[in-house]
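Architecture and fold: a report
The chain contents come next:
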Amino acid sequence: MINKVNEVKLFGGRQIRYEHPSSVLNCTMQFSVYLPPQAEQQPVPALYWLSGLTCTDENFSSKAGAQRVAAELGIALIIPDTSPRGEGVPDDANQAYDFGLGAGFYVNATQAPWNQHYHMYDYIVQELRELVEKELPVTQRRAISGHSMGGHGALVMALRNPDLYTSVSAFAPICHPTQCPWGHKAFSGYLGDDQAAWQEYDATELLLRLRKAPPMLISQGEADNFLAEQLRPDDLANAIAETGVEATFERHEGYDHSYYFIATFIEQHLRFHAEKLFN
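A short tour of the structure in this document, coming up. Since the model is a prediction, treat every value here as computed from it, not as a measurement. (Residues numbered from 1 in each chain as written. Predicted model: local features only at pLDDT ≥ 70, side-chain atom pairs only at ≥ 80, totals over all residues. Heavy atoms only, no water.)

Bringing the packing of aromatic side chains into the picture now. In this structure the tally under the stated criterion is 16 aromatic pairs. Aromatic ring contacts, followed pair by pair, group Trp 49, Phe 60, Phe 171, Tyr 255, Phe 261 and Phe 265 into a single cluster. Looking at Arg 160, its charged tip hangs above the ring of Tyr 121, at a distance of 4.2 Å from the centre. The ring of Tyr 201 has Arg 160 lying over it, and the distance from NZ or CZ to the ring centre is 4.9 Å. (Phe/Tyr/Trp six-rings, centres within 6.5 Å; stacked < 30°, edge-to-face > 60°. Lys NZ or Arg CZ within 6 Å of the ring centre and 35° of its normal.)

Below you can see the structure in the form of structure tokens.
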């Protein structure tokens, strides 16, 4: 059961925000959807977009400029929130930006008090997907993409579920979270000290172990201030080279970590996914 919160028209389609009760997250969740004009006639394939730290379901829809190309291609955009929210959902005691609300890291938390609500992995892969495909005019052809923390989530979900997604892409993803400060903080808080559990949410480690992936496109700005310490793109690039999976890893001089970077290359990513979604 989903309830419409608001709706606007653009590029012949509809940008809609919904809310629904989530049994996986034990709270009410909101998510945004762009339905292209083709969805008025028949179900269309969908791209799931996972946003980064501090974001909600509205950042991508208002800043990336993706709807024009999605309308042309006939692709729905499904944009979930980045964490559970609401009364009773715990937040970081120090209100840090990189843990707690807005920073779910797309894992299934096992540590109290986070394990009562922070199951973003199951929410995206199962609950939201099933809800969207039941309630909205979308097919079971789906791709996944994301930015930063969301790029990490998209890569992990695609690597662990290669049959669910036709393709995966990421902008400036956290490539090796078991080896960076953001990942150490999030994983130790949500998952505890079990390093084996951490590796289940690390794209570099998963790729080296599983040695297969859906077609992949990664874009990284060379002027990104998080590049060396937090993102570690070379680690994933080396894993791609070692495993030989179908992947394009592009580095763009002068671009930073912001939505200006995403807006510049989102059309390329949408067209990459469309080739897979419609074949």
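Further remarks concern the side chain of Ser 83. Tracing the backbone shows Ser 83 in the loop between β5 (76-80) and α3 (120-135). Note on Ser 83: relative accessible area 0%, which makes it buried. Look past the residues within four positions of Ser 83 in its chain and what remains in contact with it is Met 29, Gly 100, Leu 101, Gly 102, Ala 103, Gly 104, Tyr 118 and Met 120. (Helix = DSSP H or I, 4+ residues; strand = E, 2+ residues; numbered from the N terminus. Buried < 20%, exposed > 50% of the residue type's maximum accessible area, 1.4 Å probe, protein only. Contact = heavy atoms within 4.5 Å.)

Turning our eyes to something else, we now look at the packing of helix α4 (residues 149-160) against helix α7 (residues 203-210). The contact between α4 and α7 brings their axes to 9 Å, and the two run at 20°. Taken together, the axis directions place α4 and α7 in an arrangement best described as roughly parallel. α4 and α7 meet at a crossing whose hand is left-handed. Here Leu 155, Val 156, Leu 159 and Arg 160 of α4 lie close against α7, whose contacting residues are Ala 203, Leu 206, Leu 207 and Leu 210. (Axes fitted to C-alpha atoms, helices over the stretch in contact; angles between N-to-C directions. Parallel < 35°, antiparallel > 145°, perpendicular 65-115°, else oblique. Left-handed = near helix turned anticlockwise from the far one by under 90°.)

Turning our eyes to something else, we now look at the environment of Arg 68. Turning to its location among the elements, Arg 68 is positioned in helix α2 (residues 67-73). Under the relative-accessibility criterion, Arg 68 is labelled partly exposed at 41%. Expressed as a C-alpha distance, the spacing of Arg 68 and Gly 12, which sit 56 residues apart in the sequence, is 9.1 Å. If near-sequence neighbours (up to four positions away) are discounted, Arg 68 is found in contact with Phe 11 and Glu 267. At 3.1 Å, the side chain of Arg 68 and the side chain of Glu 267 are in polar contact. (Polar contact = N/O pair within 3.5 Å; in protein donor to acceptor, adjacent residues only side chain to side chain.)

Let us now look at the sheet that holds strand β8 (residues 216-221). Consider a sheet: its strands pair through backbone hydrogen bonds, and that pairing is either parallel or antiparallel. Spatially, the 9 strands line up as an open sheet ordered β1-β2-β3-β5-β4-β6-β7-β8-β9, and their pairing is mixed. Looking at strand neighbours, the two that pair on one side only are β1 (3-10) and β9 (247-252), the edges of this open sheet. Shown here is a sheet whose adjacent strand axes are inclined to one another by a mean of 20°, direction ignored. Contacts from helix α9 (residues 233-243) reach β8 and β9, with the element oriented near 150° to β9. (Pairing = 2+ DSSP bridges.)

To continue, consider the environment of Ser 148. Along the chain, Ser 148 turns up in the loop between β6 (138-147) and α4. Between the alpha carbons of Ser 148 and Asp 57 there is a distance of 15 Å; along the sequence they are 91 residues apart.

Okay, the pattern of salt bridges next. The final tally for this structure, using the stated rule, is 16 salt bridges. The partner of Lys 4 in a salt bridge is Glu 7, with the nearest N and O atoms 2.6 Å apart. Among the residues examined, Lys 4 registers a relative accessible area of 47% and is labelled partly exposed. A salt bridge links Arg 17 to Asp 57; the shortest N-O distance between them is 2.7 Å. Placement of Arg 17 in strand β2 (residues 13-22) and of Asp 57 in the loop between β4 (44-50) and α1 (59-63) is noted, with a sequence separation of 40 residues between them. The two residues Arg 17 and Asp 57 agree in class, both being buried. In the salt-bridge network here, residues are joined through shared partners; they are Lys 4, Glu 7, Arg 14 and Glu 40. (Salt bridge = Lys/Arg side-chain N within 4 Å of Asp/Glu carboxyl O.)

Judged by nonpolar contacts, the single largest core of 69 residues is most densely connected at Phe 31, Phe 105, Ile 144, Met 157 and Tyr 190. Looking at this core element by element, the count peaks at 8 residues for α3. The next biggest cluster of nonpolar side chains, apart from the first, holds 24 residues, and it includes Cys 55, Ala 64, Leu 73 and Ile 266. (Core = buried A, V, L, I, M, F, W, Y, C linked by side-chain atoms within 4.5 Å.)

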